[in-house]
Amino acid sequence: MVHWTAEEKQLITGLWGKVNVEECGAEALARLLIVYPWTQRFFSDFGNLSSPTAIIGNPKVRAHGKKVLTSFGEAIKNLDNLKGTYSKLSELHCDKLHVDPENFRLLGDILVIVLAAHFTKDFTPACQATWQKLVGLVAHALARKYH
Amino acid sequence: MLTAEDKKLIQQIWGKLSGAEEEIGADALWRMFHSYPPTKTYFPHFDLSQGSDQIRGHGKKVVAALSNAIKNMDNLSQALSELSNLHAYNLRVDPPRFSLQFLSQCLQVSLATRLGKEYSPEVHSAVDKFMSAVASVLAEKYR
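Just so we're clear, the structure is a prediction, and the values are computed from it rather than from any experiment.

With that settled, the discussion passes to the overall build of chain A. On a plain count of helices and strands, chain A comes out with seven helices and zero strands. The secondary structure elements of chain A, listed N-terminal to C-terminal, are α-α-α-α-α-α-α. In terms of overall dimensions, chain A is globule-like: its C-alpha atoms have a radius of gyration of 15 Å, near the 15 Å expected for 147 residues. The C-alpha extent of chain A, read off along each of the three principal axes, is 45 × 40 × 20 Å. Burial statistics for chain A: of 147 residues in total, 48% are counted as buried. A separation of at least 24 residues holds for 72% of the contacts in chain A among residues at least 6 apart in sequence. Entry remark: accessible area of chain A is about 7300 Å², with carbon and sulfur atoms responsible for 57%. Counting 17 positive and 14 negative side-chain charges, chain A places the centres of these two groups 3 Å from one another.

Let us look at the interface of chain A and chain B. Contacts between the two partners involve 23 residues from chain A and, on the opposite side, 22 residues from chain B. Carbon and sulfur atoms make up 58% of the surface buried where chain A meets chain B, a total of about 1800 Å² over both sides. Here chain A and chain B share zero salt bridges between them. There are 10 residue pairs in polar contact (both at pLDDT 80 or more) connecting chain A and chain B. Elements that contribute at least two residues to the side of chain A that touches chain B include exactly helix H2 (21-35), helix H3 (52-57), helix H6 (102-119) and helix H7 (125-143) of chain A. When its residues are assigned to classes, the side of chain A that touches chain B shows 14 nonpolar, four polar and five charged.

In the numbering used here, UniProt assigns the feature "domain: Globin" (unreviewed entry) to residues 3-147 of chain A. Here residues 3-147 of chain A runs as 71% helix and 0% strand, with 26 Å between its end C-alpha atoms.

To continue, consider the layout of surface pockets. All names here are of chain A. Counted as a void, the largest pocket has a volume near 730 Å³. Lining the largest pocket we find 30 residues, and of these His-64, Val-68, His-93, Phe-104 and Leu-107 sit closest to its centre. Of all the secondary-structure elements, those providing two or more residues to the lining of the largest pocket are H2, helix H4 (59-77), helix H5 (82-96), H6 and H7. Broken down by element, the lining of the largest pocket gets its largest block of residues, seven residues, from H4. Tallied by class, the residues present in the lining of the largest pocket amount to 21 nonpolar, eight polar and one charged.

Right, let's talk about the nonpolar core for a bit. Ranked by internal contacts, the top residues of the largest apolar core, which has 92 residues, are Phe-72, Leu-115, Phe-123, Trp-131 and Leu-134 of chain A together with Phe-130 of chain B. Here the element with the most residues in this core is H6 of chain A; it accounts for 12 residues. Filtering out sequence-adjacent residues up to four positions away, Trp-131 of chain A remains in contact with Leu-11, Ile-12, Leu-15, Trp-16, Phe-72, Ile-76, Val-112, Leu-115 and Phe-123 of chain A.

Conventions adopted
- Residues numbered from 1 in each chain as written.
- Chains lettered and ligands numbered in written order.
- Predicted model: local features only at pLDDT ≥ 70, side-chain atom pairs only at ≥ 80, totals over all residues.
- Heavy atoms only, no water.
- Helix = DSSP H or I, 4+ residues; strand = E, 2+ residues; numbered from the N terminus.
- Rg over C-alpha atoms; globule rule 2.2 N^0.38 Å.
- Buried < 20%, exposed > 50% of the residue type's maximum accessible area, 1.4 Å probe, protein only.
- Contact = heavy atoms within 4.5 Å.
- Areas by Shrake-Rupley, 256 points an atom, 1.4 Å probe, with all protein chains shown as cover.
- Lys, Arg positive; Asp, Glu negative; His and termini not counted.
- Charge placed at Lys NZ, Arg CZ, Asp CG, Glu CD.
- Buried area = accessible area lost by both parts, 1.4 Å probe.
- Salt bridge = Lys/Arg side-chain N within 4 Å of Asp/Glu carboxyl O.
- Polar contact = N/O pair within 3.5 Å; in protein donor to acceptor, adjacent residues only side chain to side chain.
- Nonpolar A, V, L, I, M, F, W, Y, C, P; charged D, E, K, R; others polar.
- UniProt positions renumbered as here; feature names shortened; annotations may be inferred.
- 1 Å grid on protein atoms, 1.4 Å probe; cavity = no way out; pocket = protein on both sides within 12 Å on 5 of 7 lines; lining within 4 Å.
- Points joined across faces, edges and corners; volume = space filled by probe spheres on them.
- Core = buried A, V, L, I, M, F, W, Y, C linked by side-chain atoms within 4.5 Å.

The structure is reproduced here in structure tokens:
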């Protein structure tokens, strides 16, 4: 059972309230595909991913990024039950999508960097530590149903 | 592999930090200790309270080493050779692959909080690759 202090919950929900889910999601997914190009293997039907500019402007990347981060939002509403929240998605990523769970950790770290660039000095060390904990737990929950 | 463009971006972005290196080093280390408590196990002899002289001093050392590496990106193996020996034989930090991942993440967050939008996807990619290359060199002599 994960334990969240009141301060941690505040650091999460407080920041999340100011996040533009569509922009942030698009940015995070684009960076995943740019910084770790091998992740493009999961998106072969996304069209033009030939350069950073192409990736950033790609509408499918933007749409999917928004989807991914919206799901993150669900996790934030259910911090005390991440496993339950991600149970079905975990099965999906294993059985249908065949995504190596290492990629969840990569995306989580990228999301933290996107938040840091966006919130600059407001993204304090305490804030980062809480969000690193969150992305780690989300990655863990998504990997849980793998077999 | 670091492309010519990557190297240019890294030198450019590092150039923007002039003066703030010590602060960034200390900030990155503090973030690392805070986000990844197990990394503290390598510093039992340090005062790990926020703003401690030892964290500042060590942060400065780390950034100086990275600055040197950036000046010698075409021959990282040689530039980091001493540090590679140190990490392999003396410090024996758990294979840099893991620890540097944490330091790399925190250094990047530190850079991103200072540079905001300027920490673009291209810069992010170049720095990530560079830190990966540094970790590789530091791990060369482990076994």
